[in-house]
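Analysis of the macromolecular model
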Amino acid sequence: MVLFFGPPGSGKSVQGELLVKRNGWQWLSTGQLFRDSSDPAVLQRLATGELIDDDMTNKVLADALQGTDRGTRVVVDGYPRNRAQAEWLEAHLPEHGREIVAVIVFDVPKEEIIKRLAGRGRSEDTPEVIERRLQIYAENTKPIVDYYKEQGAPVIVIDGSGNVDEVHERIQQAIEACSLV
Ligand code: ADP
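Now for a look at the structure at hand.

Rules behind the numbers
- Residues numbered from 1 in each chain as written.
- Predicted model: local features only at pLDDT ≥ 70, side-chain atom pairs only at ≥ 80, totals over all residues.
- Heavy atoms only, no water.
- Helix = DSSP H or I, 4+ residues; strand = E, 2+ residues; numbered from the N terminus.
- Contact = heavy atoms within 4.5 Å.
- Near = heavy atom within 4 Å.
- Polar contact = N/O pair within 3.5 Å; in protein donor to acceptor, adjacent residues only side chain to side chain.
- Areas by Shrake-Rupley, 256 points an atom, 1.4 Å probe, with all protein chains shown as cover.
- 1 Å grid on protein atoms, 1.4 Å probe; cavity = no way out; pocket = protein on both sides within 12 Å on 5 of 7 lines; lining within 4 Å.
- Sits in = over half its atoms within 2 Å of the grid points.
- Nonpolar A, V, L, I, M, F, W, Y, C, P; charged D, E, K, R; others polar.
- Salt bridge = Lys/Arg side-chain N within 4 Å of Asp/Glu carboxyl O.
- Buried < 20%, exposed > 50% of the residue type's maximum accessible area, 1.4 Å probe, protein only.

So, on to the side chain of glutamine 172. Inspection of the secondary structure assignment puts glutamine 172 in helix H8 (residues 164–177). Glutamine 172 has contacts with Leu19, Arg22, Asn23 and Val181, leaving out every residue within four places of it along the chain.

So this is what it looks like as structure tokens:
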């Protein structure tokens, strides 16, 4: 399992999809699973930029992992997003026959993120909601990267600025350097 971390608008989803296509892996995004939900309460919460509660998120992730082929590497994009989710994941990885082989962190300047999100046009991309989601990332999600570093997991910081192909090549080279493909 490769975990993708980065603020909203850092390109995680686009890069995740490119990476799995190139390497024959599978992509799993909790954000995408929630956007595909037919539960009005979930969709309403997404629109505010707040996180979905941990129990529901852990269940969504577990069900999605269950549906993956154990022999195929998965890129998990957007999970865990806080310490409680990180601890839940750690406790439940063995039953899914998986381990975290790399943590990829997207580093993109805030100005570029705001510019990208403004052009993306998702309903939850209003300036107030963008600001709130950046705040949640800084307060709850970014600190988990340190948690993984403390545990000795391979943490790879990728410069996420520039065009899609450039960033993709940086990630591919990094995972090849770690012998993950
Ligand atoms: P982005 O990459 O732009 O942040 P995502 O697709 O990752 O967007 O997530 C969209 C929304 O889905 C989040 O703002 C949050 O409400 C919800 N979400 C996604 N993953 C999680 C998670 N692990 N825990 C709680 N909420 C989540």
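The rest of the description comes next.
Before going further, it helps to examine the site of the ligand. Neighbouring residues of the ligand: 19 residues in total, closest Thr30, Arg35, Glu50, Arg81 and Arg133. At 2.7 Å from an oxygen atom of the ligand is found a main-chain nitrogen or oxygen belonging to glutamate 50. Contact distances for the ligand include 2.9 Å between a nitrogen atom and a backbone N or O atom of glycine 78. With the chains in place, 98% of the 550 Å² that the ligand exposes on its own is no longer accessible. In a pocket analysis with a 2 Å cut-off to the grid points, the ligand is assigned to the largest pocket. If one sorts the elements of the shell around the ligand by residue count, helix H2 (residues 30–35) sits on top with 4 residues. Its residues assigned to classes, the shell around the ligand comprises 6 nonpolar, 6 polar and 7 charged.

A few words now on the pattern of salt bridges. Two side chains carrying opposite charge are able to pair once their charged atoms lie near each other. In total, this model carries 13 salt bridges according to the counting rule given. The closest approach of N and O atoms between arginine 170 and glutamate 166, which form a salt bridge, is 4.0 Å. Pair noted here: arginine 170 and glutamate 166 are both in helix H8, with a separation of 4 residues, about one helical turn. According to the relative accessible area criterion, arginine 170 is partly exposed, its value standing at 28%. Salt bridges linked by common partners bring Arg35, Arg122 and Glu124 together as one network.

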